[in-house]
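Listed below, chain by chain, are the residues.
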Amino acid sequence: MPVVVVESPAKAKTINKYLGDDYTVLASYGHVRDLPAKNGSVDPDHDFEMTWEVSPDSKKHVKAIAEALQDDNALILATDPDREGEAISWHLEETLRKRRAIRKDTPVSRVVFNAITRSAVTEAMKNPRSVDRPLVDAYLARRALDYLVGFNLSPVLWRKLPGARSAGRVQSVCLRLIVEREMEIEAFRPQEYWTVKAVLETPRGQTYEARLTLLAGRKLDKFSIANETAAEMAVQAIRSRDLTVGAVEAKPAGRNPSPPFMTSTLQQEASRKFGFGARATMSAAQRLYEAGLITYMRTDGIDMAPEAVMAARDAIRDRYGDEYVPASPRMYRNKAKNAQEAHECIRPTDMTRDAAHLRIGDADQRKLYDLIWKRTLASQMAAARLERTTVDIASADGQVGLRATGQVVLFDGFMKVYEEGRDDVPGEDEDGNRLPAIMQGEPAGKRQVAPEQHFTQPPPRYTEATLVKRMEELGIGRPSTYASIVTTIQDRGYVRKEKNRLIPEDKGRLVTAFLMNYFRKYIGYDFTAGLEEELDEISAGDLDYKLVLSQFWRDFSAAVDETSELRITDVLDKINEVLEPHLFPPTADGSDPRLCPNCGAGRLSMRTARSGGAFIGCSNYPECRYTRPFGPPGTEQSGIGPDGRLLGHDRGDAITLRDGRYGPYVQRGEPTEEAPKPPRASLPRGWAAEDMDLERALTLLNLPREIGPHPEDGETIEAAIGRFGPYVRHGKVYANLPDVNEVFTIGMNRAVELLAQKAARGGRGAAAKPLKELGEHPGEGGPVNIMEGRYGPYVKWGRINATLPRDTDPQSVTMEQALDLIAEKAAKKGGRKKTAAAGTTGKAATAKATARPKKKTAPRKKKAG
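Worth saying up front: this structure is predicted, and the values here are computed from it rather than measured.

What counts, and at which threshold
Residues numbered from 1 in each chain as written. Predicted model: local features only at pLDDT ≥ 70, side-chain atom pairs only at ≥ 80, totals over all residues. Heavy atoms only, no water. Helix = DSSP H or I, 4+ residues; strand = E, 2+ residues; numbered from the N terminus. Buried < 20%, exposed > 50% of the residue type's maximum accessible area, 1.4 Å probe, protein only. Contact = heavy atoms within 4.5 Å. Polar contact = N/O pair within 3.5 Å; in protein donor to acceptor, adjacent residues only side chain to side chain. Expected span 1.5 Å × (residues − 1). Bend = angle between axes of the 7 residues up to and from the residue. Phe/Tyr/Trp six-rings, centres within 6.5 Å; stacked < 30°, edge-to-face > 60°. Lys NZ or Arg CZ within 6 Å of the ring centre and 35° of its normal. Pairing = 2+ DSSP bridges. Axes fitted to C-alpha atoms, helices over the stretch in contact; angles between N-to-C directions. Parallel < 35°, antiparallel > 145°, perpendicular 65-115°, else oblique. Left-handed = near helix turned anticlockwise from the far one by under 90°. pLDDT = per-residue confidence, 0-100. Salt bridge = Lys/Arg side-chain N within 4 Å of Asp/Glu carboxyl O. Disulfide = S-S within 2.5 Å. Patch = residues over 30% accessible without salt bridge, like charges linked within 9 Å, V, L, I, M, F, W, Y side chains within 5 Å. Areas by Shrake-Rupley, 256 points an atom, 1.4 Å probe, with all protein chains shown as cover. Lys, Arg positive; Asp, Glu negative; His and termini not counted. Charge placed at Lys NZ, Arg CZ, Asp CG, Glu CD. Nonpolar A, V, L, I, M, F, W, Y, C, P; charged D, E, K, R; others polar.

**Concerning the overall build of the chain**
- Helix and strand counts for the chain come out as 21 helices and 32 strands.
- The dimensions of the chain, computed from C-alpha atoms along their principal axes, are 115 × 85 × 70 Å.
- Here the chain holds 865 residues, and the buried ones make up 49% of them.
- Expressed as a percentage of contacts within the chain between residues at least 6 apart in sequence, the contacts between residues at least 24 apart total 66%.

**Quick word on the environment of Lys63**
- As for its position among the elements, Lys63 is in helix α2 (residues 56-71).
- Owing to a relative accessible area of 39%, Lys63 belongs among the partly exposed residues under this scheme.
- Considering only alpha carbons, one finds Lys63 and Leu96, 33 residues apart in sequence, at a separation of 8.9 Å.

**Comments concerning the side chain of Thr808**
- Turning to its location among the elements, Thr808 is positioned in the loop between β32 (800-803) and α20 (815-829).
- Overall, the relative accessible area of 12% leaves Thr808 in the buried class.
- Here Asp362 takes part through its side chain, which lies 3.0 Å from a polar atom of the side chain of Thr808.
- At 2.9 Å, the side chain of Thr808 and the backbone oxygen of Pro805 are in polar contact.

**As for helix α17 (residues 568-583)**
- Helix length check: α17 (16 residues) gives 19 Å between terminal C-alpha atoms against 22 Å at 1.5 Å per residue, more than 12% under.
- Where α17 bends most, the angle comes to about 40 degrees, and this point is Glu577, followed within four residues by the proline Pro581.
- Contacts from the buried residues of α17 go to α5 (133-160), α6 (171-187), α14 (506-518), β18 (604-608), β19 (614-618) and β20 (627-629).

**A look at the packing of aromatic side chains**
- This model, assessed by the stated rule, comprises 19 aromatic pairs.
- With 5.2 Å between their ring centres and 45 degrees between their planes, Phe274 and Phe276 make a pair best called tilted.
- Judged by its relative accessible area of 3%, Phe276 falls in the buried class.
- Taking the centre distance of 5.3 Å and the plane angle of 50 degrees together, the rings of Tyr727 and Tyr734 count as tilted.
- Of the aromatic side chains, those joined through ring pairs into one cluster are Phe514, Tyr518, Phe519, Tyr522, Phe527, Phe552, Trp553 and Phe556.
- Over the ring of Trp90 we find Arg33, and its NZ or CZ is 5.4 Å from the ring centre.
- Its guanidinium or amino end placed over the ring of Tyr462, Arg181 lies 4.3 Å from that ring's centre, counting from NZ or CZ.

**Some details on the pairing of strand β27 (residues 725-730)**
- Summarising burial for β27: 5 of the 6 residues are buried, a large majority.
- Note that strand β26 (residues 716-722) and β27 share 6 bridges and pair antiparallel. Paired with Gly722 across the bridge in β27 is Gly725.
- Counting the residues that bridge the hairpin from β26 to β27 gives 2 residues.
- Direction of pairing for β27 relative to strand β28 (residues 733-736): antiparallel, over a ladder of 4 bridges.

**Structural notes on the packing of helix α9 (residues 278-290) against helix α13 (residues 482-491)**
- Viewed as axis vectors pointing N to C, α9 and α13 meet at an angle of 135 degrees, and their least axial separation amounts to 8 Å. With respect to α13, the axis of α9 lies oblique. In this structure, the crossing between α9 and α13 has a hand that is left-handed. Across the interface between the two elements, Ala278, Arg279 and Met282 of α9 pack against Ala483, Thr487 and Asp491 of α13.

**Focus on the confidence of the model for the chain**
- Across the chain, the average pLDDT comes to 86, with 90% of residues at or above 70.
- Every residue in residues 831-865 is under pLDDT 50, and counting partners more than four places away or in other chains gives 57 contacts.

**A short note on the environment of Arg520**
- Within the secondary structure, Arg520 sits in the loop between α14 and α15 (525-539).
- Here Arg520 falls in the exposed class, since its relative accessible area comes to 51%.
- Engagement of the side chain of Arg520 in a polar contact is seen with the backbone oxygen of Met516, the distance being 3.3 Å.

**Describing the pattern of salt bridges**
- Across all of its chains, the model carries 51 salt bridges by this definition.
- The partner of Arg143 in a salt bridge is Asp34, and the shortest N-O contact between them spans 3.0 Å. Taken together, the positions of Arg143 in helix α5 and Asp34 in strand β3 (residues 33-34) put the pair 109 residues apart, joining distant regions of the chain.
- Judged by relative accessible area, Arg143 falls into the partly exposed class, the value being 23%.
- With a relative accessible area of 35%, Asp34 lands in the partly exposed category.
- Close ionic contact of Asp370 with Lys374 constitutes a salt bridge, the shortest N to O distance being 3.1 Å.

**Here's the deal with the state of the cysteines**
- Taken as a whole and judged by the stated rule, the model has 0 disulfides.
- No disulfide involves Cys618; its sulfur sits 3.7 Å from the nearest other cysteine sulfur, which is in Cys596.
- Given a relative accessible area of 2%, Cys618 falls into the buried group.

**Thoughts on a negative patch on the surface**
- Together, Glu690, Asp691, Asp693 and Glu695 make up a negatively charged patch on the protein surface.
- Here Asp693 is to be found in the loop between β24 (680-682) and α18 (694-701).
- Look at Asp693 and you get partly exposed, because its relative accessible area is 34%.

**A word on α6**
- Between the first and last C-alpha of α6 there are 24 Å, a value that for 17 residues agrees with the 24 Å anticipated at 1.5 Å per step.
- Most of α6 sits out of view: 12 of its 17 residues are buried.
- Buried within α6 we find Gln171, Ser172, Val173, Cys174, Leu175, Arg176, Leu177, Ile178, Val179, Arg181, Glu182 and Ile185.

**A short note on the packing of α14 against α17**
- Contact pair α14 / α17: the axes reach a minimum separation of 10 Å and the direction vectors enclose 105 degrees. In this view, α14 runs roughly perpendicular relative to α17, as classed from their interaxial angle. Contacts between α14 and α17 pair Arg509, Leu510, Ala513, Phe514, Asn517 and Tyr518 from the former with Asp570, Val571, Lys574, Ile575, Val578, Leu579 and His582 from the latter.
- Among the residues forming the contact of α14 with α17, the class breakdown is 8 nonpolar, 2 polar and 3 charged.

**Re the sheet that holds strand β7 (residues 75-77)**
- Spatially, the 4 strands line up as an open sheet ordered β2-β1-β7-β8, and their pairing is parallel. Across the chains shown, the open sheet's two edge strands, defined by having one partner strand only, are β2 (24-27) and β8 (108-110). Averaged over neighbouring strand pairs, the angle between their axes works out to 25 degrees when direction is ignored.
- Across 3 bridges, strand β1 (residues 3-6) lies against β7 in parallel orientation. When the bridges of β7 are listed, Val3 appears paired with Leu75.
- Across the sheet, α2 is in contact with β1, β2 and β7; its angle to β2 comes to roughly 165 degrees.

**Things to note about the pairing of strand β15 (residues 443-455)**
- Relative to β15, strand β9 (residues 192-201) is paired through 10 bridges, and the arrangement is antiparallel. Residue Ala198 lies in a different strand from β15, and its bridge partner there is Val449.
- Where strand β12 (residues 243-255) lies against β15, 2 bridges are found, and the strand directions are antiparallel. Directly across from Thr244, in β15, lies its bridge partner Pro443.

**Points about the sheet that holds strand β25 (residues 705-709)**
- If you walk across this open sheet you meet the 4 strands as β25-β26-β27-β28, and the pairing is antiparallel. At either end of the open sheet lies a strand with only one pairing partner, and these are β25 and β28. Adjacent strand axes in the sheet meet at a mean angle of 25 degrees, parallel and antiparallel pairs treated alike.
- Docked against the sheet, helix α19 (residues 748-760) engages β25, β26, β27 and β28, running at close to 110 degrees with respect to β28.

**Considering the environment of Arg705**
- Here Arg705 shows up in strand β25.
- C-alpha separation for the pair Arg705 and Glu718, spaced 13 residues apart in sequence, amounts to 5.5 Å.
- For Arg705, the contacting residues outside a window of four places in its chain are Ile717, Glu718, Ala719, Glu742, Val743, Phe744, Thr745 and Ile746.
- In terms of polar contacts, Arg705 uses its side chain to reach the backbone carbonyl oxygen of Ile746, at 3.0 Å.

Structure below.
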């Protein structure tokens, strides 16, 4: 009975249904080995030898596979069909050979399938191959490059730029994009311009809108009408003349559908339509793939299998009729040059099933499936047919000309199902208006003529979607890395996301400025894209990966060595010079922008704080303690300097607002020898630093608040904010408060009521009532319940708590879904050995792994006898 290994228990469960009892399907739970996070894991002095280490969590999974191979002497590696999947298979084979779990006569094969369906899996089993060595080499090269950059560049940052956390080969390039866009926005100066529109009327009383395009006999461009005076003159020129329709032209037009999704376009569209981040999109897509509902979700490809094309055409015909099916199938060609990840497009595995016909419990997965299904069907539908009409209106003397445009949809075609979203659309498309019947030569009456002021807009900040799009255009990263790159720069604190837009933090600006000055080549767009192309050549078997590593390391190590003599003051001086246009822009009166406004003598420059942030300070420190937030002038009000922001005084103590490692807080006084830690209080969730004043600060510093003596025993009842949120306390009984503001307003009656309710449930450690009881665990017993937690609903079984995916209705969760969540959580936390089977029922393969020791006992008994 061959042992089949896949990445996840969910995938194992789905595949096991198709393969049946003839195979043992086990999960590796992702990568089983990685480079240890220490120096020397990649050794350039010994031909880039790489030292791998099996993670503690993976050891039990490797052991389960090794034990299975003792009885079933055949190994089939069925991990994902991309570079990462190939690497997991290679690591597994290498690890098992080191354990001697694979014997000389053990056949080892590799199978790949682009969708987890019965036909795809069984077909893959008929076409085994060996592990693709060039694809593994491409993985090894990428992993070694990332390691060499991270473990050599990050220490340079730590030593030369206090507060910097790390640098990465691709993440630093991605950060540069965001920082440079922000600098474009800050350097942008809006330009005023005006347009003039008129509401005109046909002789039959119907109105339509036209815009001025010709004035004084000259065609207008965007900035021709520069100010209000010019706009009023243009209005008078229209009002003082009679207008006549000069030409009416109607042209047929067509719109073709967008191609089906690949990874980058799926992430972009999910962001536009649902506000999903790249990581959330890929997580939902992974679940859909493992459930057998969509094809593999990490791909550069937009082509579709011929049988899928025909299935889509049949589904379109059945749902919408023959007129929506084009005469011949639409063919889309891949943009990707590389063989690493140019798989089939992302599409449903069954074109006949829309989201309404599938019972998808998770809301994000349901939305994403609906998007993929609609986009796939639309990509094979007939084009939309439109009629675009242009009407030119002019005065008799030719001094004034206006134009009206409109559009009519004659046949909706693919638009019946789906239209692609657009990024940063400033306004509605004027062509979308429908015009009344207008005849050439007829007069155009003037109902209204009005000018409108406009200003040019700065380039928009990146969203995760537009950032991925830009990375794709530059050739930076690959489908398997987009989400992790975008997530990493946020996790490092280099970038924050506000209203779905990516904004660089101080640390991100500083790191980018440092790297641009001392490692410019290595965060160059062309250089990074060139490395990606070399990785593609390696994956195609056309380039030796160690040659690429050798060439890279020769120049990179020299660049690292050159920074060893740099002093921090030299680095700060250089960054001040680079960022001067941003930090110290020219003043309106021509005075020195770097002259300290406080003492009038010192010069302002960028400095780093011990907490890791940056600020603008005076060179006369400590005599002059002037500071302002890092950034251009004008950000003083919202910022918090390194010495805090003074809110006022109370009982002789300065009350300040400060910014710490875990966020803003208020502090009473300064540290002294007697009191090295003065009273402090963190700002509760929902309290903005810019809204803080003395009164609010004192309410926090005076916590806990005494409500009064309990009516039964006279012991004081307090309200406060603790590690887990707001609460009231009486003795050893704590009762949570739903809103932090209640800490300052709750009265005796409500406090006694909440404490009584908590005491009735058993006090502080009482068990809460389940939101839903699912019953006994089918494999190992014990109740499985849905509980309400501090961070949302979760599945509870014994000591395992597994959070429900976002937007999942607790009442819709089934036992099967709960068991999958329990199994994943157990694997991550290194839970009991038996929990490897927790996510399966019936014949699921992971349950077989649990039963393995029983099968092994029989030979031992025979041998002993």
